[in-house]
Amino acid sequence: MIKLDFHPTGRHFLQIPGPSPVPDRILRAISYPTIDHRGPEFGALGLKVIAGMQKIFKTNDPVIIYPASGTGAWEAALVNTLSPGDHVLMFETGHFAALWNKLATRMGLKTEIVSYQGNDSVLPNAAGWRQGIQANLILERLKQDTTHSIKAVCVVHNETSTGVTSDIAAVRQAIDTAQHPALLLVDTISGLGSADYRHDEWGVDVSISGSQKGLMLPPGISFNAVSPKAIEASKTAKMPRAFWAWDEIIEMNKGGYWPSTSSTNLLYGLSEALDMFEEEGMDNVFARHQRWAAGVRAAVNAWGLPIQCADQSLYSPILTGVITPEGVDADEIRKLIQKRFDLSLGTGLGKLKGRMFRIGHLGDSNDLTLLATLAGVEMGLKLSGVKLAGSGVLSAMDYFSA
Ligand SMILES: *Cc1c(COP(=O)(O)O)cnc(C)c1O
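Residues numbered from 1 in each chain as written. Predicted model: local features only at pLDDT ≥ 70, side-chain atom pairs only at ≥ 80, totals over all residues. Heavy atoms only, no water.

Q: Sorry if this is basic, but what is going on with the site of the ligand here?
A: Taken together, the neighbourhood of the ligand is formed by 13 residues, with Ser 69, Thr 71, Thr 160, Asp 187 and Lys 213 sitting nearest. Ser 69 is positioned with one of its side-chain polar atoms (N or O) 2.5 Å from an oxygen atom of the ligand. In this structure, a nitrogen atom belonging to the ligand sits 2.7 Å away from a side-chain N or O atom of Asp 187. Coverage of the ligand by the protein chains reaches 88% of its 380 Å² of free accessible surface. Sort the elements by how many residues they give to the shell around the ligand and helix H3 (residues 70-81) lands first, with three residues. (Near = heavy atom within 4 Å. Polar contact = N/O pair within 3.5 Å; in protein donor to acceptor, adjacent residues only side chain to side chain. Areas by Shrake-Rupley, 256 points an atom, 1.4 Å probe, with all protein chains shown as cover. Helix = DSSP H or I, 4+ residues; strand = E, 2+ residues; numbered from the N terminus.)

Now the structure itself:
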């Protein structure tokens, strides 16, 4: 039998890039009593969290909240806007972009992948997984599509498997320059709430997010922000849909209610997270994550290990990927660190398996939790026999105390 009641002393260090550590304030809010999902109190809660999420997405468009993980919201974006066999263009930035492509293929869409054209000396077999979206390749492909067979362009904003954040405004620009009518669908499942995101300004048609990463909540709810053009497309889209259908939800959301039972307690948590964002101010939240990311990178640089993101202008504020030396299994280091120090790091996903690990710097963190995390990583690297150029912890201390 699995022993589920074992807890080491002290707090577990959950430093994966989602689920992120949930602030105590949010956990307490989630423990409020569950209420009648058709009662008056619930309507007020529903209206508050929808309006709050519009501010986080930076939009006036409807925001739909699903009782589902991010994968559900991916599926919802596709089934509401497309018809069976429709042609979609996806840019492969990493494992999550590849998974979204797999999901779209399983749903009967005709997917086409565009990926980075270039070389990489550190990871020759995963060159594109160290880079962001090359919008010029999307532009070229759309220009060739004179019959407008491509119905949607699907991209990932913050690629959680690599720690690379792409320029979404540039993708919009590419679609506009090609004068192509394709919808723009963007996954900001890990970025939203911790990295700047602008649904309206960037002209996104469907923005997709989830609760357990940048929004600091437990897993279980996810989001679609939907433009008027996306709603228009949903009126003629023929993919079968019932649970995910926007129309009934948008109608009932006018009163703060949902057609089926919502995740009431997670909505309490969302309401609390929105209050916290409001109190701190989103620009301060973004700056805090940028600073944490820079401190963690100072450590990785001092160790002399390559950062997964090869483009300095695209470093993720949410997580940092660390490439281990060839012949050293990154997963063995992760397992050792988990066992010895009760610290969880993100694994290398897909073709990065064993070649890198990921340090999450999001959720309920501060300078000292990050320094402790870096100390755990540094000790684990040394115990694994990795030759380090210097102390990352000392560099991060210098950065954080400057
Ligand atoms: C986590 C994640 C997903 C998948 O979301 P789930 O909540 O695990 O279903 C998709 N895309 C990105 C970028 C993610 O970080």
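Q: Looking at this structure, I do not really get the packing of helix H12 (residues 367-383) against helix H13 (residues 392-401). What am I missing?
A: The angle between the axes and the distance between the axes are what describe a pair of packed helices. As a packed pair, H12 and H13 sit with axes 9 Å apart at the nearest point and diverge in direction by 165 degrees. Here H12 lies roughly antiparallel to H13, going by the angle between them. The handedness of the crossing between H12 and H13 comes out as right-handed. Where H12 approaches H13, its residues Asp 367, Leu 370, Leu 371, Leu 374, Ala 375 and Glu 378 are matched on the opposing element by Gly 392, Val 393, Ala 396, Met 397 and Phe 400. When its residues are assigned to classes, the contact of H12 with H13 shows eight nonpolar, one polar and two charged. (Axes fitted to C-alpha atoms, helices over the stretch in contact; angles between N-to-C directions. Parallel < 35°, antiparallel > 145°, perpendicular 65-115°, else oblique. Left-handed = near helix turned anticlockwise from the far one by under 90°. Contact = heavy atoms within 4.5 Å. Nonpolar A, V, L, I, M, F, W, Y, C, P; charged D, E, K, R; others polar.)

Q: Explain the packing of aromatic side chains to me, please; I cannot follow it from the model alone.
A: Two numbers describe a pair of aromatic rings. These are the distance of the centres and the angle of the planes. Under the definition given, this model contains ten aromatic pairs. With a centroid separation of 6.3 Å and 25 degrees between ring planes, the pair formed by Phe 42 and Tyr 257 is classed as stacked. Placement of the pair is Phe 42 in helix H2 (residues 40-57) and Tyr 257 in the loop between helix H8 (246-253) and helix H9 (264-280), with a sequence separation of 215 residues. Given a relative accessible area of 0%, Phe 42 falls into the buried group. Judged by centre distance (6.2 Å) and plane angle (85 degrees), the rings of Phe 42 and Trp 258 are edge-to-face. Of the two residues, Phe 42 sits in helix H2 while Trp 258 sits in the loop between H8 and H9, which places them 216 residues apart along the sequence. Comparing Phe 42 with Trp 258 shows no difference in burial state: the two are buried. Through a chain of ring-to-ring contacts, three or more aromatic side chains come together here, namely Phe 57, Tyr 197, Trp 202 and Phe 223. A cation over an aromatic ring shows up here: Lys 213 above the ring of Phe 96, its NZ or CZ 5.1 Å from the ring centre. (Phe/Tyr/Trp six-rings, centres within 6.5 Å; stacked < 30°, edge-to-face > 60°. Buried < 20%, exposed > 50% of the residue type's maximum accessible area, 1.4 Å probe, protein only. Lys NZ or Arg CZ within 6 Å of the ring centre and 35° of its normal.)

Honestly, it's all geometry; don't read function into it.
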